[in-house]
Amino acid sequence: IDDVAAALCMALETNTTGPINIGTGKGIAIAELVKCILSLCGKSTSKLRTSQSSAPDCKPVLVADNTKISGTSWAPKKSIEDGLKSLIFAVGDDL
């Protein structure tokens, strides 16, 4: 949450226009993201199933193209896991 807010403020301060991607520049597979969220929520990942898609456009890992925002002095300060921890803590029982 903090990194996204800082990136949006930086975009406003530098008059960045158009859509921007905000990310770490490092990819994470959706399955790994789900496992991380479940683990942080104290839930078991034992029943989680993944499959390998043979679809030609299937990307196992997606990475945000944060070229626009990386042209400023902004850089992420938290890892994905630390950001999720903060989000889960902020949401609390509403999750």
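This text goes with the structure placed above it.
Residues numbered from 1 in each chain as written. Predicted model: local features only at pLDDT ≥ 70, side-chain atom pairs only at ≥ 80, totals over all residues. Heavy atoms only, no water.

**Here's the deal with the state of the cysteines**
Defined as follows: Pairs of cysteine sulfur atoms within 2.5 Å are what we label disulfides. For the exposure calls, accessible area comes from a 1.4 Å probe over protein chains only, and a residue counts as buried if that area is under 20% of its type's maximum, exposed if over 50%, partly exposed in between.
A complete count under the given rule lists zero disulfides for this structure. With no disulfide of its own, cysteine 36 has cysteine 41 as its nearest cysteine by sulfur position, at a separation of 9.3 Å. The class of cysteine 36 is buried, set by a relative accessible area of 16%.

**As for the environment of tryptophan 74**
Let me state the cut-off plainly: Secondary structure elements are taken from DSSP: a helix is a run of H or I of four residues or more, a strand is a run of E of two residues or more, and numbering for both begins at the N terminus. In this analysis, two residues are considered to be in contact whenever any of their non-hydrogen atoms come within 4.5 Å of each other. Any pair of N or O atoms that falls within 3.5 Å is considered a polar contact. Within protein, one atom must be able to donate a hydrogen and the other to accept it, and sequence-neighbouring residues count only if both atoms are side-chain atoms.
Among the structural elements, tryptophan 74 can be located in the loop between helix H3 (67-70) and helix H4 (80-91). Residue classification places tryptophan 74 among the buried residues on the basis of a relative accessible area of 9%. When the C-alpha positions of tryptophan 74 and alanine 7 are compared, they lie 6.2 Å apart, and in sequence the two are 67 residues distant. Aside from chain neighbours lying at most four places away, what touches tryptophan 74 is Asp3, Ala6, Ala7, Met10, Ile22, Gly23, Asn66 and Ile69. A distance of 3.2 Å separates the side chain of tryptophan 74 from the backbone oxygen of aspartate 3, its partner in a polar contact.

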